[in-house]
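Chain residues, written in single-letter form:
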Amino acid sequence: MRTNFFLRLFLVFNFIIGVSLAGCNVENNEKNSGMEKNVCLERARILLDSLYQNYSIPNSCLLRETFPFDKASEKILFDKRNSIPKDYSYLWPYSGTFSAVNALYEATRDKKLYRLLKEKVLSGLEEYYDIKREPHAYASYVTFVHQSDRYYDDNIWIGIEFTNLYMLTRDKEYLGKAKMIWSFILSGMDDTFDGGIYWCEQKKFSKNTCTNAPASVLAFKLFEATQDSTYFYQGKEMYSWTKEHLQDKTDYLYFDRINIDGSVGPAKHAYNSGQMMQSAAIQYKLTKDTVYLIDAQKIAKSCYDYFFRDYVTASGKQIRLLKKGDVWFSAVMLRGFAELYSLDKNDMYVTEFAKSLDYAWLHARDEYGLFGVDYSGECCDPKKWLLTQAAMVEMYARLASIDKENSR
């Protein structure tokens, strides 16, 4: 029996007004769509338009990092003596637009979005491509301004998206890019702590979950794309290394990093645990070993307990809302929940994401249609970060993809 999720949400959360605003439709027979597909897609498209309207640089494929843009306050520091105005975004937030448009293209197969990827997103990305240093990789800032540091995690996120795009298009150029990035990632490993990838090529002070967890995801994706078992075993090794060195065994979440002196950076971020959740889920999909499914489910429960909070709305309703913080971290965590949902069909976590994104759409956007970091909208950011907008586009698009999968 199919149950309309909007009706269920309306009874529990009557602050949501109308189907066109809430647009939630979840099926109970082991199928969950989060928000209704068309609502998700409409919101993703509207926000993507706002992103390009407010962050684009005239006559360029590149983007500003913040809106409103204040050149006097935007500085880029190359070393302690060299600080210059930062006209362009760093690689990390720019790459978020790759993830966002990729996710929206996956959900729609819209040829206009593919043109946007090729002609704007990927053209701009090449301005960060550094061929002066071996192995080739993407630098943290546009190469025509200054030589900047190269971060392994920045490149891994891009490698994941190139692999995703290859799987969508079968264009070998994208697979070649992902393989090139993989060579760079492997150059960031050594025998310190018996393996693991550093965070930054120029600053090898720590080995971080944000490099090793997504590296395992990228390795498994490369295995799926190529059927080369080398990637599979490298992914397993990176997953095991991260679990051994960086998991908090008391709650299954992941610490930020292990420093070169052996001390552990205790911060817990949503994207780190989310990537280990996704890696575990992919391993279960590939091996059918329930050990990995249990790993993923334990991480998922702890992520829900730790990264959501109880929140009382103005109308007195109590809901679970994503915590204020780095929105892009939440988007990466959603990748893990979506991967897990595709396997165990437990709809709770993606449903809770849908509720948070519903509430944010109604309460957390400004007059330009942009989001801050507080899903409740109570705290207003004077500047809006490019990566936050890209993350919200990705999340709405990803929920639409979940709907698409389950409507077949």
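Residues numbered from 1 in each chain as written. Predicted model: local features only at pLDDT ≥ 70, side-chain atom pairs only at ≥ 80, totals over all residues. Heavy atoms only, no water.

**Some thoughts on the sheet that holds strand β6 (residues 206–208)**
Note the threshold: A pair of strands is labelled paired if DSSP reports no fewer than 2 bridges between them. Comment: elements are numbered from the N terminus, with helices defined as DSSP H or I runs of at least four residues and strands as E runs of at least two. In what follows, a contact means two residues having at least one pair of non-hydrogen atoms within 4.5 Å. Orientation is described by lines fitted to C-alpha atoms, with helices fitted over the stretch in contact, and by angles between N-to-C directions that extend from 0 to 180 degrees.
Pairing within the open sheet is antiparallel, and its three strands lie in the order β6-β7-β8. Two strands lie at the open edges of the sheet, namely β6 and β8 (264–265), each paired on one side alone. Across the sheet, helix α9 (residues 229–246) is in contact with β6 and β7 (257–259); its angle to β7 comes to roughly 70°.

**Here's the deal with the packing of helix α12 (residues 327–344) against helix α13 (residues 348–363)**
Note the cut-off: Definitions for this section: a left-handed crossing has its near helix turned counterclockwise from the far helix by less than a right angle. A right-handed crossing has that turn clockwise. Asp, Glu, Lys and Arg are counted as charged, while Ala, Val, Leu, Ile, Met, Phe, Trp, Tyr, Cys and Pro are counted as nonpolar; the rest, among them Gly, fall into the polar class.
Two elements in contact, α12 and α13, have axes separated by 9 Å at closest approach and are oriented at 145°. Note on packing geometry: the crossing formed by α12 with α13 is left-handed. Between α12, through Ser-330, Met-333, Leu-334, Phe-337, Ala-338 and Tyr-341, and α13, the contact on the second element is made entirely by Tyr-349, Val-350 and Phe-353. When the residues that make up the contact of α12 with α13 are grouped by side-chain class, the tally is eight nonpolar, one polar and no charged.

**Describing the confidence of the model for the chain**
Which entries qualify depends on this criterion: The quantity called pLDDT is the predictor's confidence in a given residue, expressed from 0 to 100.
The pLDDT averaged across the chain works out to 90; a share of 88% of its residues lies at or above 70. In this model, residues 1–34 is a region of pLDDT below 50 whose contacts with residues beyond four sequence positions or in other chains number 92 contacts.

**Digging into the state of the cysteines**
This is how the line gets drawn: By convention in this document, the label disulfide applies to cysteine sulfur atom pairs within 2.5 Å.
Counted under the stated rule, the structure contains zero disulfides. As a non-bridged cysteine, Cys-380 has Cys-379 as the owner of its nearest cysteine sulfur, 7.6 Å distant.

**Quick notes on the nonpolar core**
Inclusion rule: Residues belong to a common nonpolar core when they are buried Ala, Val, Leu, Ile, Met, Phe, Trp, Tyr or Cys residues joined through side-chain atoms within 4.5 Å. Exposure categories follow from relative accessible area, calculated using a 1.4 Å probe and restricted to protein chains: below 20% of the type maximum is buried, above 50% is exposed, and the middle band is partly exposed.
Tyr-138, Phe-162, Phe-337 and Met-392 are the most contacted members of the largest nonpolar core, which totals 129 residues. Setting aside residues no more than four positions away along its own chain, Phe-337 makes contact with Met-277, Ala-300, Cys-303, Tyr-304, Tyr-349, Val-350 and Phe-353.

**Some details on the packing of aromatic side chains**
Under the convention used in this document: By convention, a stacked pair of Phe, Tyr or Trp rings (six-membered ring in the case of Trp) has centres within 6.5 Å and planes under 30 degrees apart, an edge-to-face pair has planes over 60 apart, and any other such pair is tilted.
Scanning all chains against the criterion turns up 34 aromatic pairs. Aromatic side chains Tyr-88 and Tyr-141 sit 6.5 Å apart centroid to centroid with 50° between the ring planes, which places their arrangement in the tilted category. Of this pair, Tyr-88 sits in the loop between β3 (82–85) and α4 (91–108) while Tyr-141 sits in the loop between β5 (137–138) and α6 (152–169), and the two are 53 residues apart along the sequence. An identical accessibility class is assigned to Tyr-88 and Tyr-141; each is buried. Aromatic ring contacts, followed pair by pair, group Trp-92, Trp-157, Tyr-271, Trp-328, Phe-329 and Trp-385 into a single cluster.

**Details of the packing of helix α3 (residues 37–55) against helix α5 (residues 111–125)**
For any two helices packed against each other, one specifies the inter-axial angle together with the distance between the axes. Cut-off, in case you're wondering: Throughout, the term roughly parallel applies to angles under 35 degrees, roughly antiparallel to angles over 145, roughly perpendicular to angles from 65 to 115, and oblique to all others.
For the pair α3 and α5, the least separation of the axes is 14 Å and the interaxial angle reads 20°. Taken together, the axes of α3 and α5 are roughly parallel relative to one another. As for the relative orientation of α3 and α5, their crossing is left-handed in sense. Contacts between α3 and α5 involve Arg-45, Leu-48 and Tyr-52 on the former and, on the latter, Leu-113, Leu-116, Lys-120 and Val-121. Here the residues of the contact of α3 with α5 are counted per class, giving five nonpolar, no polar and two charged.

**A few points about the pairing of strand β9 (residues 308–312)**
Sheet topology places β9 next to strand β10 (residues 318–322); five bridges connect them, and they run antiparallel. Bridge pairing links Asp-310 to Arg-320 in β10. In sequence, β9 turns back onto β10 through a hairpin of five residues, with Gly-316 there showing a positive phi of about 90°.

**Regarding α3**
To keep things clear, this is the line we draw: Multiplying 1.5 Å by the helix residue count minus one yields the expected span of that helix.
Under the 1.5 Å per step criterion, the end-to-end length of α3 is 27 Å for 19 residues, consistent within 8% with the ideal 27 Å. What α3 keeps buried is the set Val-39, Cys-40, Leu-41, Arg-43, Ala-44, Leu-47, Leu-48, Ser-50, Leu-51, Tyr-52, Asn-54 and Tyr-55.

**Some remarks on the pattern of salt bridges**
Heads up, the condition is: Salt bridges, as used here, are contacts in which a Lys or Arg side-chain nitrogen is within 4 Å of a carboxyl oxygen on Asp or Glu.
If you walk through the whole model with that rule in mind, you get 25 salt bridges. The partner of Arg-45 in a salt bridge is Asp-110, and the shortest N-O contact between them spans 3.1 Å. Of the two residues, Arg-45 is situated in helix α3 and Asp-110 in the loop between α4 and α5; the sequence distance between them amounts to 65 residues. When its relative accessible area of 33% is taken as the criterion, Arg-45 is described as partly exposed. Taking the shortest distance from any N to any O, the salt bridge between Asp-149 and Lys-203 comes out at 3.1 Å. Here the residue Asp-149 occupies a position in the loop between β5 and α6, and Lys-203 occupies one in the loop between α7 (172–186) and β6, the gap between them amounting to 54 residues. Bridged by salt links that share partners, the residues Glu-65, Glu-74, Lys-86 and Lys-383 form one connected network.

**Re the side chain of Gln-275**
Convention followed: Polar contacts, as used here, are pairs of N or O atoms within 3.5 Å; protein pairs need one atom able to donate a hydrogen and one able to accept it. Residues neighboring in sequence count only if both atoms are side-chain atoms.
Mapping Gln-275 onto the fold places it in helix α10 (residues 270–287). Residue class for Gln-275 comes out buried when judged on its relative accessible area of 0%. Polar side-chain contacts of Gln-275 include one of 2.9 Å to the side chain of Gln-278. In this view, Gln-275 contacts Trp-157, Ile-160, Ala-213, Pro-214, Val-217, Val-332 and Arg-335; residues no more than four positions away in its chain are not counted.

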